[in-house]
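These are the residues of each chain, in order.
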Amino acid sequence: MLYPSAAFPLTPNPSPPAGEGGQTPARGRPLTGPWYAALAAGVAAFIVYGSWVPFDFRPVPLWQAKYRFQQALTRKERALPASKSDSLANVLLGVPLGFALLAAAVLWPGCVGLAAAAEFGQLFLPGRYCTGADVYAQSLGAAAGMAGWAVFGQRLTDRLRRSVADPLRRRLAARLL
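About the cut-offs
Residues numbered from 1 in each chain as written. Predicted model: local features only at pLDDT ≥ 70, side-chain atom pairs only at ≥ 80, totals over all residues. Heavy atoms only, no water. Helix = DSSP H or I, 4+ residues; strand = E, 2+ residues; numbered from the N terminus. Buried < 20%, exposed > 50% of the residue type's maximum accessible area, 1.4 Å probe, protein only. Contact = heavy atoms within 4.5 Å. Patch = residues over 30% accessible without salt bridge, like charges linked within 9 Å, V, L, I, M, F, W, Y side chains within 5 Å. Areas by Shrake-Rupley, 256 points an atom, 1.4 Å probe, with all protein chains shown as cover. Salt bridge = Lys/Arg side-chain N within 4 Å of Asp/Glu carboxyl O. Expected span 1.5 Å × (residues − 1). Arc of directions from axis to C-beta. Core = buried A, V, L, I, M, F, W, Y, C linked by side-chain atoms within 4.5 Å. pLDDT = per-residue confidence, 0-100. Phe/Tyr/Trp six-rings, centres within 6.5 Å; stacked < 30°, edge-to-face > 60°.

Observations regarding the overall build of the chain
Item 1. For the chain, the helix and strand inventory stands at 7 helices and 0 strands.
Item 2. What you see in the chain, going N to C, is helices and strands ordered as α-α-α-α-α-α-α.
Item 3. Per-residue burial over the chain gives 33% buried out of 177 residues.
Item 4. At a minimum sequence separation of 6, the contacts of the chain that also span at least 24 residues come to 74%.

Quick word on a nonpolar patch on the surface
Item 1. Taken together, the side chains of Tyr49, Val53, Phe55 and Phe57 define a hydrophobic patch exposed on the protein surface, amounting to about 370 Å² of accessible area.
Item 2. With respect to the helices, strands and loops of the structure, Phe55 is situated in the loop between α1 (33–52) and α2 (62–74).

Things to note about α2
Item 1. The terminal C-alpha atoms of α2 lie 18 Å apart, and with 13 residues this matches the ideal 18 Å at 1.5 Å per residue to within 8%.
Item 2. All buried positions along α2 are accounted for by Ala65, Phe69, Gln71 and Ala72. Along α2, the residues classed as buried sweep out an arc of 160 degrees about the axis, all on the same side. Facing away from the buried side of α2 by over 90 degrees, the exposed positions are Trp63, Lys66 and Thr74.

Focus on the nonpolar core
Item 1. In terms of nonpolar packing, the biggest core is built from 15 residues, with Tyr36, Leu97, Leu101 and Cys111 touching the most fellow members.
Item 2. When contributions to this core are tallied by element, the ones reaching two or more residues are α1, α4 (84–103), α5 (108–122) and α6 (132–165).
Item 3. Counting residues in hydrophobic clusters, the runner-up holds 7 residues, among them Ala65, Ala72, Phe124 and Cys130.

Section: the confidence of the model for the chain
Item 1. Taken as a whole, the chain shows an average pLDDT of 76; of its residues, 77% reach a score of 70 or greater.
Item 2. Taken together, the stretch residues 1–28 has pLDDT below 50 and engages in 40 contacts with residues farther than four places along the chain or on a different chain.

A closer look at the packing of aromatic side chains
Item 1. Tallied over the entire structure, the rule returns 9 aromatic pairs.
Item 2. Taken together, a centroid distance of 5.5 Å and an interplanar angle of 85 degrees make the contact between Trp52 and Phe57 edge-to-face.
Item 3. Owing to a relative accessible area of 39%, Phe57 belongs among the partly exposed residues under this scheme.
Item 4. Relative to Phe57, the ring of Phe55 lies with its centre 6.4 Å away and its plane at 50 degrees, an arrangement referred to as tilted.
Item 5. Taking the relative accessible area as the measure of exposure, Phe55 reaches 41% and is therefore partly exposed.
Item 6. What links up through ring pairs into an aromatic cluster is the set Tyr36, Phe99, Trp149 and Phe152.

Considerations on α5
Item 1. For α5, built from 15 residues, the straight-helix expectation of 21 Å at 1.5 Å per residue is met to within 8% by its first-to-last C-alpha distance of 22 Å.
Item 2. Within the sequence span of α5, burial applies to Cys111, Leu114, Ala115, Ala118, Glu119, Gly121 and Gln122. Seen from one end, α5 has its buried residues packed into an arc of 160 degrees, which puts them on one side.
Item 3. Looking at the buried residues of α5, the elements they touch are α1, α2, α4 and α6.

Okay, here's the thing in structure tokens:
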């Protein structure tokens, strides 16, 4: 059984109480706080990659980049989404990040910071367009992912742990992959 802790909400109990099957977690204790932190790092890398591709950075004076970023966040025409599909894509990008980061005990400002950094980096890429709407949408998605974790994250983690611990399911998963 898992018991929440201050640092990682998914810290396994070192000795399971009698009557809980006495099974030990699978090797490497999958789906713990550090596992979710690694998952969040992968999602963050995907977000930054998608925001910065084709990586054709051009020099922009820092003062100008700061000014343009402030304008992107505060001016109404840039703070509102230009297209619904772009906003939906940014919300959906934020959901797995928020889910994994909350599981790893990282709070929402970390998600907002990543969204802002990805948008700020676009100021140095010709052909890319920095908008506040993207930051807001990714932040909303992260909040939705964190709400998803709060509602069903622990149950999902427990179910996945049982699947990993069951040799029959593990063999089935290996065959499917």
